[in-house]
Amino acid sequence: MGLLLEFFLFSFITTGVHCVHQIQWLPCQFTDEHVSLNNEGHVETQLINRQAMLQFGQKGDAPVNPHAITFLITGSKLDLRRYLDGVEAEQLECELRRYSTEGIHIHWPSQEAKDYNRWFTCTLKQDKGLFTVTGFLRHPSNEPPPGQQDYRSWPPIADSEILTTSVAMVTKTQTPSVKATLGSQQRLHCQFGVDHRGANITVEWHWQQRGERTKLFSHSSRTGQIQGSGVGKKALAGGDATYTLPFTKMSSEGTYICSVLVNPLFGKQDVVLHIEEPPRVSLNVGPVLSVLDGAEHKVVCEAENYYPLDVEIKWYEQDPAASGQRVGAPLPKMLQNILLSSHKHNQDMTYSLSGFFYLKASLEASGRQFTCSVSHKSLRMPIKKSFILQVEEPTSWTFYLMVFFILAFLLVVLVVMLSALHTAMKKSKRDKPY
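Residues numbered from 1 in each chain as written. Predicted model: local features only at pLDDT ≥ 70, side-chain atom pairs only at ≥ 80, totals over all residues. Heavy atoms only, no water.

## Some remarks on the environment of Asp127
To keep it simple, the criterion reads: Helix and strand definitions here come from DSSP, where helices need a minimum of 4 consecutive H or I residues and strands a minimum of 2 consecutive E residues; each element is numbered from the N-terminal end. Contacts are residue-level and defined by heavy atoms, with any inter-residue pair within 4.5 Å sufficient. Polar contacts, as counted here, are pairs of nitrogen or oxygen atoms within 3.5 Å of one another; within protein the pair requires one atom able to donate a hydrogen and one able to accept it, and residues that are adjacent in sequence qualify only if both atoms are side-chain atoms.
Note that Asp127 resides in the loop between β5 (116-126) and β6 (132-141). Placed 35 residues apart in sequence, Asp127 and Leu92 show a C-alpha to C-alpha distance of 5.7 Å. Apart from the residues within four sequence positions on either side, Asp127 is in contact with Glu90, Gln91 and Glu93. Within the local environment of Asp127, its side chain forms a polar contact with the side chain of Gln126, the two groups lying 3.3 Å apart.

Written as structure tokens, this is what we have:
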């Protein structure tokens, strides 16, 4: 029994290690830059897409693809793969870029003897938009950076060159895009890590919309000062810079930017917040609408208090009995005579719209089901509201005429009988002896 338990424990541990370190390499796009001056003296940047590989291993490892640029990531206190939530390599989009320190040179704490570094960023996105991770790759170099505009004279990289790097800093968000309803609380995720202790880290959150940029939060590990709220100080010590938005309003919509500064590196993650308020749908009739044959009735489907603007209202007609057939059931027929009101702009910045039609009742349509279907981007499935039409045949005028004559005849008979009774009673009184 003990050996069996040890076997399962060993299997569990090795499986976990495999899950964390299952990615050994990734094909990437290296977006290189060529900066030059045009004839008018303006700076022009040409982006060049080059084939590259992100490879995890040890210094001196052979490249997986000798025909591509290899960014060989060697061991450090930061393992980029631990930020990937155990996803498969096929689910990741990888892009590599050069990173300019804009002339800032700070000795990065490391065991390398070289004084300078060349920097690159590696951005990994989950293909369904579940997270975005950016790693800063440090490539030690003996050559000092050319200056503030180092991007104008990037050192050339050969097509099959191997760049031995290590991960110096990582930023991540698990909420690159957030859909929120009005009045909800939202946690905008931001996480960071640095490969050495005691780093001077500045974390900030900004909100940006239509060109306006507002600072929401700021914290410096050097001074300990905090401006604003929304991020826990204890959480920051563990690399968690998640921002809590307590109550979403229409004005909360926009881009929230989490930035992490560790000189000379500046990393940021964008979180786009969309407000999506689902419509409230109602009909101006009950579950059953009873009307007389030939009558006309206005039927209204109201979609209220939704956001954003686009909404679609459709009406369908269907025979419920036929729709219950397993085979050959007819599809609902979409009504074409639908009229739409103008959009109503409510005080809370939401919208309302109604779709209506005039129903001309007929006995042939009795028992049919009419359904209003409302589609909106906040809904996974359309909201549907239905009613059953019951058409009653009106009573003919001859029936009323017949009832009138019968009542009149009975009234005459009643008058005659009362008159005869009255006469008989008077005669009986006269003939009665005293």
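## Focus on the sheet that holds strand β26 (residues 383-392)
Applicable threshold: Strand pairing is assigned whenever DSSP identifies at least 2 bridges connecting the two strands.
With respect to topology, five strands assemble into an open sheet ordered β18-β26-β25-β20-β21, the strand pairing being mixed. Either end of the sheet is taken by a strand with one partner, and the two such strands are β18 (288-292) and β21 (333-334). By the bridge criterion, five bridges tie β18 to β26 in an arrangement that is parallel. By the bridge assignment for β26, Val291 is matched with Val391.

## Quick word on the pattern of salt bridges
This is how it is decided: When a carboxyl oxygen of Asp or Glu is within 4 Å of a side-chain nitrogen of Lys or Arg, the pair counts as a salt bridge. When accessible area is computed with a 1.4 Å probe and restricted to protein chains, residues below 20% of their type maximum are described as buried, those above 50% as exposed, and intermediate ones as partly exposed.
In the structure shown here, the tally under the stated rule is eleven salt bridges. The closest approach of N and O atoms between Asp32 and Arg50, which form a salt bridge, is 3.0 Å. On the criterion of sequence distance, the pair formed by Asp32 in strand β1 (residues 25-37) and Arg50 in strand β2 (residues 43-56) is long-range, its members being 18 residues apart. According to the relative accessible area criterion, Asp32 is buried, its value standing at 6%. Asp32 serves as the salt-bridge partner of Arg98, at 2.7 Å between the closest nitrogen and oxygen.

## What to know about a nonpolar patch on the surface
For the record, the criterion: A residue counts toward a patch only above 30% relative accessible area and without a salt bridge, and it is joined to like-charged neighbours within 9 Å or, for Val, Leu, Ile, Met, Phe, Trp and Tyr, to nonpolar neighbours within 5 Å. Computed with the Shrake-Rupley method and a 1.4 Å probe, the accessible areas treat only the protein chains shown as cover for residues.
A grouping of Met402, Val403, Ile406, Leu407, Phe409, Leu410, Val413 and Met417 is seen on the molecular surface, where their side chains present a nonpolar patch of about 780 Å² in accessible area. Within the secondary structure, Leu407 is located in helix α4 (residues 397-431).

## Here's the deal with the side chain of Asn117
Position of Asn117 relative to the elements: it lies in strand β5. At 3.1 Å, the side chain of Asn117 and the side chain of Arg138 are in polar contact. If sequence neighbours within four positions are ignored, Asn117 has contacts with Trp108, Arg138, His139, Pro140 and Ser141.

## Points about the sheet that holds strand β16 (residues 265-275)
Selection criterion: Only the stretch in contact is used when fitting a helix axis, every axis being a line fitted to C-alpha atoms; angles between N-to-C directions are given from 0 to 180 degrees.
If you walk across this open sheet you meet the six strands as β8-β16-β15-β11-β12-β13, and the pairing is mixed. With partners counted over all chains shown, the strands left at the sheet margins are β8 (177-180) and β13 (226-228), one partner each. Strand after strand, the sheet turns through a mean of 20° between neighbouring axes, direction not considered. Bridge analysis of strand β12 (residues 212-220) against β13 gives three bridges, and the strand direction is antiparallel. Note on β13: the bridge partner recorded for Phe217 is Gly228.

## Topic: the state of the cysteines
As a reminder, the rule being used: Criterion for a disulfide: a pair of cysteine sulfur atoms at a distance within 2.5 Å.
Summed over all chains, the structure comprises three disulfides. Here Cys190 is linked by a disulfide to Cys258, with a sulfur-sulfur distance of 2.0 Å. Residues Cys190 and Cys258 are joined through a disulfide that is left-handed, its torsion about the S-S bond being -70°. In this pair, Cys190 sits in the loop between β9 (186-188) and β10 (191-194) while Cys258 sits in strand β15 (residues 254-262), placing the two residues 68 residues apart along the sequence. Judged by relative accessible area, Cys258 falls into the buried class, the value being 1%. Sulfur-sulfur distance for the disulfide between Cys301 and Cys372 comes to 1.9 Å. As the torsion about the S-S bond is roughly -75°, the Cys301-Cys372 disulfide counts as left-handed.

## Observations concerning the side chain of Thr175
The residue Thr175 is located in the loop between β7 (162-173) and β8 in this model. One polar contact links the side chain of Thr175 to the main-chain amide nitrogen of His189, over a distance of 2.9 Å. Other than its neighbours up to four places away in sequence, Thr175 contacts Leu130, Arg187, Leu188, His189 and Val271.

## Focus on the pairing of strand β24 (residues 351-360)
The element β24 is largely enclosed, with a buried count of eight among its ten residues. Bridge count between strand β19 (residues 296-306) and β24: nine bridges; the pairing is antiparallel. Looking across to β24, one finds that Tyr306 is bridged to Tyr351. Alignment of strand β22 (residues 339-340) against β24, held across two bridges, turns out to be antiparallel. Residue Leu339 lies in a different strand from β24, and its bridge partner there is Phe356. Pairing geometry for strand β23 (residues 344-345) and β24, over two bridges, is antiparallel. In the sheet register, Lys344 faces β24, and the bridge partner there is Ser352. Two successive antiparallel strands, β23 and β24, enclose a turn made up of five residues, where Met349 displays a positive phi of approximately 75°.

## Some words on the packing of aromatic side chains
Here is the rule we go by: Two aromatic rings, drawn from Phe, Tyr or Trp (for Trp, its six-membered ring), form a pair once their centres lie within 6.5 Å of each other, and the interplanar angle then sorts them: stacked below 30 degrees, edge-to-face above 60, tilted otherwise.
Counting across every chain of the model gives 14 aromatic pairs. With centroids separated by 6.4 Å and ring planes inclined at 35°, the aromatic side chains of Tyr306 and Tyr351 adopt a geometry described as tilted. Remark: Tyr351 occurs in strand β24 and Tyr306 occurs in strand β19; sequence separation between them is 45 residues. Overall, Tyr306 belongs to the buried group, its relative accessible area being 0%. A relative accessible area of 17% places Tyr351 in the buried class. Ring centres of Phe370 and Phe387 lie 5.4 Å apart, and the angle between their planes is 15°; this geometry places the pair in the stacked category.

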